[in-house]
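Structure at a glance
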Amino acid sequence: MDMEKLVALCRRRGFIFQSSEIYGGISGFWDYGPLGVELKRNIKEAWWNDMVRNPPLAPGGEDIAMVGVDCSIIMNPKVWEASGHLGGFADQMLDCKKCRKRFRADKVFCYFLTEGPIPMLEFQGPLMKDSWTPTKTLSCEANDTNEAFSILQAMHKRLVEKKKLRPSLEFVTHQTPLDVPRRWKLPCPDCGDEGELTEPRSFNLMFKTWVGAVQDDSSVAYLRPETAQGIFVNFRNVLDSTRLKLPFGIAQIGKAFRNEINPRNYIFRSREFEQMEIEFFCHPDESMKWYQYWRDVRIRWYTQLGIQSERLRPREQGKEELAHYSIGTTDIEYLFPFSEEPQELEGVAHRGAYDLTQHAKFSGKDLSYFDEQLWERDKSKYPDAKAAQEAKSKEPYRFMPHVIEPSAGADRFALAVLCEAYAEDEIGGEARTVLRFHPRLAPVKAAVLPLVNKEGMPAKAHALYRQLKGSWNVFYDDKGAIGRRYRRQDEAGTPYCVTIDGQSLQDDTVTMRDRDTTQQWRVPIAAVADELRRRLEPTL
Ligand code: ATP
């Protein structure tokens, strides 16, 4: 599948536009158009419905307790000190002093060539040992090593053909700039100038702003880089106001902002995006069970919404990748057409008691959980008030819950849905482009089309349209030949078309058409709503 075709379709049909396009756009920001906003709302509603209002039952058949919150984007900056984002939420960056482009060091790949004997280098980790330097270095930006290899090999070949590189130069090794000795002069992946790249240096990804009239250090605040922290800092509020008992989850959908160095791959990595996050609080002894539960639930959710299982891959992070506090993390990845390796759609992380402990420490507030039931059962065991008081403040009665965090991106999933749905086929010898959305996610559920704009067909069609739009997002279209109108609905991913034709005026039946099979059949006009409900709602 060709990403360029998908991007063009999304713009032409009003799924996604570049932000502030008439001013030349702004890198890393996107707008959703009339069809895109419906698709994204459907994604968020499906998530909220399936995870918060009606989550799958627990392994033992019990109900899962879930509630939601909607927190502010700007929070007290102490939140980000406690969470570690102010200190550590940084990527290693390189700048080109010549062309002024900035690159993420782990997304730049270098290819080292030499003339003469190939030196023995230490291939693992930094190549610091020898005084050796490569004769020539090529570099590029890529998502992963495989992609980098194909780009660099092609570059190498092209340069030799154009006689810009001696054929006697042999390939030695490849590395990211993070792993090469400082003295090696690296070319800029964009302008190609050698020796103009800075050392890798940290760059904080949070957008900074000032609150109030005075812009000084005391008024600095940040746009949240994730929605999760709003949940942690409200843990006590939710507990006190709902009297929920462990285990339970708090969910939030909302915007997050990251000043990504290299926003790329369309809406996959942008600077403003929406997250759908759950913090599931549980007893430490049960945390592995819940980690497993959420991994399974989240993988199944994607499959149920039409993501082909062979493109979807759960990947358990290796020990070396894990954040220092994480006991385990599974990335749910999807094989996007722009990359050779699957890329993260969602992370399901076992975060232990890290976040609550940090916020308790930084705020000075008690964020522990008290198991009232257990205390009621045991309290009579304690001989006197003093012993009881002491026991009550400790385990097993009072403890820090563990947290399982399924954290998904609404925009990344929207992109996966678009990639998965995009298809080109042939109908009656004519090429068509179709978006085979799952009916739950389809922006428009049905189109109502009068065959011609006369003989009473528009009036009948319009009455049906009015009836249906009370239940679903339906579209009325009376412009152009019927075949073209079908094609337009296929491109928008509309599962059903309902056509009012000459026969409708005689016997009050209409033609229904299925987007995927293009099959058509007749239905009494009075039964259209039921027919649509029957076909859409088992999956809605
Ligand atoms: P990556 O490694 O791709 O930068 P991450 O591991 O930093 O992602 P998390 O902090 O785990 O991402 O965020 C959870 C989810 O939020 C991701 O799985 C992704 O779906 C979404 N997300 C994160 N950064 C972006 C972004 N820049 N643009 C769009 N979605 C994003």
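These numbers were taken from a predicted model, which means no experiment stands behind them. (Residues numbered from 1 in each chain as written. Predicted model: local features only at pLDDT ≥ 70, side-chain atom pairs only at ≥ 80, totals over all residues. Heavy atoms only, no water.)

So, about the site of the ligand. The full set close to the ligand counts 15 residues, and Glu 260, Arg 269, Ser 270, Glu 344 and Leu 345 are the nearest of them. One nitrogen or oxygen atom from the main chain of Phe 268 is found 3.3 Å from a nitrogen atom belonging to the ligand. Measuring from an oxygen atom of the ligand, one finds a backbone N or O atom of Leu 345 at 2.8 Å. Protein chains bury 80% of the 590 Å² of accessible surface belonging to the ligand in isolation. For the shell around the ligand, the secondary structure elements donating two or more residues are strand E13 (272–282), strand E16 (343–352) and strand E19 (402–409). The element contributing the most residues to the shell around the ligand is E16, with 4 residues. Per-class residue counts for the shell around the ligand are 4 nonpolar, 5 polar and 6 charged. (Near = heavy atom within 4 Å. Polar contact = N/O pair within 3.5 Å; in protein donor to acceptor, adjacent residues only side chain to side chain. Areas by Shrake-Rupley, 256 points an atom, 1.4 Å probe, with all protein chains shown as cover. Helix = DSSP H or I, 4+ residues; strand = E, 2+ residues; numbered from the N terminus. Nonpolar A, V, L, I, M, F, W, Y, C, P; charged D, E, K, R; others polar.)

On to the packing of helix H1 (residues 3–12) against helix H12 (residues 410–421), then. One can describe the packing of H1 onto H12 by two numbers: an axis separation of 11 Å at closest approach and a directional angle of 110°. Classified by the interaxial angle, the pair formed by H1 and H12 is roughly perpendicular. Here Met 3, Leu 6 and Cys 10 of H1 lie close against H12, whose contacting residues are Leu 415, Leu 418 and Cys 419. The class makeup of the residues in the contact of H1 with H12 is 6 nonpolar, no polar and no charged. (Axes fitted to C-alpha atoms, helices over the stretch in contact; angles between N-to-C directions. Parallel < 35°, antiparallel > 145°, perpendicular 65-115°, else oblique. Contact = heavy atoms within 4.5 Å.)

Bringing the nonpolar core into the picture now. Core analysis: the biggest nonpolar cluster contains 60 residues, and Trp 294, Phe 413 and Leu 415 have the highest contact counts within it. Ranked by the residues each element gives to this core, the list is headed by H12, at 9 residues. Those residues in contact with Trp 294 that lie beyond four places of it in its chain are Met 51, Met 66, Ile 278, Phe 280, Val 348, Ile 404 and Pro 406. By size, the runner-up hydrophobic cluster in this structure holds 21 residues, among which are Met 457, Val 474, Ile 500 and Val 528. (Core = buried A, V, L, I, M, F, W, Y, C linked by side-chain atoms within 4.5 Å. Buried < 20%, exposed > 50% of the residue type's maximum accessible area, 1.4 Å probe, protein only.)

What follows concerns empty space enclosed by the protein. Within this structure, the stated rule accounts for 1 cavity of 30 Å³ or more. Counted as a void, the largest cavity has a volume near 60 Å³. The wall of the largest cavity is formed by Arg 104, Lys 107, Asn 143, Asn 262, Arg 264, Phe 268, Arg 269 and Gln 343. (1 Å grid on protein atoms, 1.4 Å probe; cavity = no way out; pocket = protein on both sides within 12 Å on 5 of 7 lines; lining within 4 Å. Points joined across faces, edges and corners; volume = space filled by probe spheres on them.)

This model, assessed by the stated rule, comprises 27 aromatic pairs. Aromatic side chains Trp 301 and Tyr 302 sit 5.4 Å apart centroid to centroid with 75° between the ring planes, which places their arrangement in the edge-to-face category. The class of Trp 301 is buried, set by a relative accessible area of 2%. Ring plane angle 75° and centroid distance 4.9 Å describe the contact between Tyr 302 and Phe 413, whose orientation is recorded as edge-to-face. Of this pair, Tyr 302 sits in helix H8 (residues 287–304) while Phe 413 sits in helix H12, and the two are 111 residues apart along the sequence. (Phe/Tyr/Trp six-rings, centres within 6.5 Å; stacked < 30°, edge-to-face > 60°.)

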